[in-house]
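Residue strings, one per chain:
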Amino acid sequence: MKIGFVGSANTTINCRPDKSFRLASYTKKKALEIIESNLTCIQKTIEFCIRNHFYFYRIADFIPFFSHSISISWVQIEEIFSELFLDIGKRIRNNDMRISMHPGQYTILNSPKEGVLNNSIKELEANVWILDKLKLDHTAKVQIHVGGIYGNKEEATLRFIKNFQRLPEFMKNRIVIENDDRLFDFKDCTALSKELNIPVVFDVFHHTIKNNNESTLESLNILGYLWDNKDGIPMVDWSYQEVDARMGKNANTIDLMLFKKFITEISDEDFDLMLEIRDKEKSALQAAKLLRTLGRL
DNA sequence: AGTTGTCAAGCTAGT
DNA sequence: ACTAGCTTGACAACT
């Protein structure tokens, strides 16, 4: 099992890999400065990961407005930052690290609106492009949710199938779907996985909020069959409810007792674990320490 | 100098 | 019909 954390890590590592700015103030100069700063931070973060035995990492938005028409061309970005891309890719590959990406709530493959769909495809293409430029194999994934319901879940599902099938192979090979906490749960994702032959990222926390009475352990069992060899072992996102907060809000910092309970429960399952705790690498360091004392890392 | 509202994008659910 | 919330900092626009 590899464990890891998401994107920004400003407290321990002292930099942010996802700096941005406002669209209204977009200039080529500003964009280039930010991209360089973000890439340099990712480089440092990858080094931090290797030092601390985090071999799973989620890259966050590091090229502002990358899929927007205002953006500097991808080819130009590749040329200007080729050394950084090369170096980061090499560090990841040489240490057998695994990378995931997770575009946000605006990336919706089943939207009935053509504009929304086109923007989503563009965004996915941009994410896939990044993993390709880092020369990562197909165990590196871009995870998205299925999307909206639009008043008819069956049609919404069929639209996802249709739109996914139209994507080019190089994108299909990278995309995985994740169960969400309100609309498309693990059962829905499993059905889509079989139909489209794409893997599912299992989000433990979302599953506790929306499920069909399958336990986490049962789900992890099924999950194992949804990943082909070429895609690697399953990816699992782990978090839990922040106390006294809106339902579905990720915890601010890790509760090691809860984490230990989870790890003990799932003892035989093989997967890579992404910690979605809001203080990122701080909690991840504690989790790693615990896993080592348990002999699991 | 400090405080507050806004930011590319969509959707759902609650008022 | 309208909007909070999804992540969260940076910056612009104010007092």
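Nothing here was measured: the structure is a model prediction, and the numbers come from that model.

> Is there a simple way to explain the protein's contact with DNA strand C in this structure?
Taken together, Arg16, Arg22, Gln105, Arg246, Arg278 and Lys280 form the complete shell of residues around DNA strand C. Counting only the atoms of DNA strand C within 4 Å of the protein, the fraction contributed by sugar and phosphate is 61%. Within the contact set of DNA strand C, a base oxygen lies 3.0 Å away from a side-chain nitrogen or oxygen of Arg22. Within the side chain of Gln105, a nitrogen or oxygen atom sits 3.1 Å from a base nitrogen of DNA strand C.

> Explain the protein's contact with DNA strand B to me, please; I cannot follow it from the model alone.
With respect to spatial proximity, 17 residues lie near DNA strand B, and among them Arg22, Leu23, Ser111, Ile149 and Tyr150 are the closest. The share of sugar and phosphate among atoms of DNA strand B within 4 Å of the protein is 50%. Backbone polar atom of Ala24 to a phosphate oxygen of DNA strand B: 3.5 Å apart, as the coordinates give it. Within the contact set of DNA strand B, a sugar or linking oxygen lies 3.5 Å away from a side-chain nitrogen or oxygen of Arg182. Across the surface near DNA strand B, the residue classes tally to nine nonpolar, five polar and three charged.

> Even after reading the chapter, I still don't get the nonpolar core, so can you show me in this structure?
Within soluble globular proteins, side chains that are nonpolar generally end up buried alongside one another. Membership of the largest hydrophobic core comes to 92 residues, with the highest contact counts inside it found for Phe160, Trp238, Phe259 and Leu273. The dominant element in this core, judged by the number of residues it contributes, is helix 1 (residues 28-51), at ten residues. Here Phe160 is in contact with Leu109, Asn110, Ile144, His145, Val146, Ile177, Leu192, Leu196 and Ile198, once residues within four sequence places are set aside.

> Would you mind going over the sheet that holds strand 7 (residues 235-238) with me for this structure?
Picture the strands of a sheet paired through backbone hydrogen bonds; they go either parallel or antiparallel. If you walk around this closed barrel you meet the eight strands as 1-2-3-4-5-6-7-8, and the pairing is parallel. Taking each pair of neighbouring strands and ignoring which way they run, the sheet shows an average axis angle of 30°. Here strand 1 (residues 3-6) pairs with strand 8 (residues 272-275) via three bridges, running parallel. Bridge pairing in strand 8 places Gly4 opposite Met274. Sheet contacts for helix 7 (residues 186-196): strand 5 (175-178) and strand 6 (200-203); angle to strand 6, the most-contacted strand, approximately 170°.

The rules behind these values
- Residues numbered from 1 in each chain as written.
- Chains lettered and ligands numbered in written order.
- Predicted model: local features only at pLDDT ≥ 70, side-chain atom pairs only at ≥ 80, totals over all residues.
- Heavy atoms only, no water.
- Near = heavy atom within 4 Å.
- Polar contact = N/O pair within 3.5 Å; in protein donor to acceptor, adjacent residues only side chain to side chain.
- Nonpolar A, V, L, I, M, F, W, Y, C, P; charged D, E, K, R; others polar.
- Core = buried A, V, L, I, M, F, W, Y, C linked by side-chain atoms within 4.5 Å.
- Buried < 20%, exposed > 50% of the residue type's maximum accessible area, 1.4 Å probe, protein only.
- Helix = DSSP H or I, 4+ residues; strand = E, 2+ residues; numbered from the N terminus.
- Contact = heavy atoms within 4.5 Å.
- Pairing = 2+ DSSP bridges.
- Axes fitted to C-alpha atoms, helices over the stretch in contact; angles between N-to-C directions.

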